[in-house]
Amino acid sequence: MALAHSLKLPVLNACLIEPGHSSAAVRAAAQALIATTGKKALMIRSDGGVERKRYYRGGNTFPAEEIPPRAAALLAAGRAVILAESTNRFTNRLTVLVRMDRPGPGRAGSFTLEALGPGYDVADLTRGHIPPQVTAHLHDVDYRHFQRPRWHEWRITGDHCPGGENARRRRRLERLATQTLTDASQLDGPASAEHAEVWLREHGFLHLFGPQQTRQALARRASRLFEDAFLLAAAQANRNWRCLATAFSVFDEPRTAYWDLVDGERKYAATAPPVPRHRERAA
């Protein structure tokens, strides 16, 4: 987030609190963000360094008085806490996962955008097992020399699977019920898709149930997203990167934000057993 901010890309106001800090530091950070943003609630995210597949799923928003005890539990577990200004994850207009791939430094790679429309959020793409509605792809991308892609070079495909949108929407509702609404104690009754839908409709959050014109929305922003991604890749500290990813949201305000930049080789802990030293030397 700091890298994106330094490049003048839109990000949320946030504060990083590393493990070892006291609850007083959390309260001071929360008060500073509330004074800056004018909002009475904050989002909690978390970072554990190199993650395993099971880790804290952040991104939910809580009233200011709930921030210190929730942050304390994360700090005690050895995780850093990221407090950020709140957003409404029920009313996003566009969510895009941006991926940059290349086989090695100096070699041509590819660029991919995966998008979901109104009512979805970044977590649906990154860990919700929800397939994108629209995908845009570029081949033979030279990340050493910027060249704006021509429209005919984009390969844009949509998900036209029969019943696909209904399945996608239901999966979104199930995620909201079991994770988001339950974590924030907002759901009365069982954590089911049906109860999540009732909650959204009662609160006037109808974006998920309206038109999903994701292809047009992504096409309008594809070139700008490529420019921003190229800039992020050029500024990445690891010059030997193979896969970089970031996420982009268009909020309802309207406002946009990049969430972070992930180096695929450094995000997750290795799951394979370590190679014995004698085998490593032989290799």
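Report on the accompanying structure. The model shown is predicted, which means the values in this text are computed figures rather than measured ones.

### Observations concerning the pattern of salt bridges
Right, so step 1: Counted according to the given criterion, the structure contains 19 salt bridges.
Right, so step 2: Put simply, Arg172 and Asp121 hold a salt bridge, and the shortest N to O gap is 3.2 Å. Of the two residues, Arg172 sits in helix H5 (residues 164-183) while Asp121 sits in the loop between strand E6 (109-116) and helix H4 (122-126), which places them 51 residues apart along the sequence. Assigned by exposure class, Arg172 and Asp121 land together as buried.
Right, so step 3: For the salt bridge of Glu194 with Arg170, the shortest nitrogen-to-oxygen distance reads 3.0 Å. With Glu194 in helix H6 (residues 193-202) and Arg170 in helix H5, the pair connects residues that are 24 residues apart, well separated along the chain.
Right, so step 4: Taking the relative accessible area as the measure of exposure, Arg170 reaches 40% and is therefore partly exposed.

### Topic: the environment of Pro10
Right, so step 1: Relative to the helices and strands, Pro10 is located in the loop between helix H1 (2-6) and strand E1 (14-17).
Right, so step 2: Residue Pro10 is classed as partly exposed on the basis of its relative accessible area of 29%.
Right, so step 3: When the C-alpha positions of Pro10 and Phe248 are compared, they lie 9.3 Å apart, and in sequence the two are 238 residues distant.
Right, so step 4: Those residues in contact with Pro10 that sit more than four places away from it in its chain are Thr256, Ala257 and Tyr258.

### Describing H6
The periodicity of an α-helix, 3.6 residues per turn, causes residues three or four places apart in sequence to face the same way.
Right, so step 1: Buried within H6 are the following residues: Ala193, Ala196, Trp199 and Leu200. An end-on view of H6 places all buried positions within 120 degrees of arc, on one side of the element.
Right, so step 2: Elements in contact with the buried residues of H6: H5.
Right, so step 3: Backbone geometry just after H6 places Gly204 at a positive phi near 75 degrees.

### Some points on the side chain of Arg79
Right, so step 1: Among the structural elements, Arg79 can be located in the loop between helix H3 (67-76) and strand E4 (80-85).
Right, so step 2: Engagement of the side chain of Arg79 in a polar contact is seen with the side chain of Ser46, the distance being 2.7 Å.

Calculation criteria
Residues numbered from 1 in each chain as written. Predicted model: local features only at pLDDT ≥ 70, side-chain atom pairs only at ≥ 80, totals over all residues. Heavy atoms only, no water. Salt bridge = Lys/Arg side-chain N within 4 Å of Asp/Glu carboxyl O. Helix = DSSP H or I, 4+ residues; strand = E, 2+ residues; numbered from the N terminus. Buried < 20%, exposed > 50% of the residue type's maximum accessible area, 1.4 Å probe, protein only. Contact = heavy atoms within 4.5 Å. Arc of directions from axis to C-beta. Polar contact = N/O pair within 3.5 Å; in protein donor to acceptor, adjacent residues only side chain to side chain.

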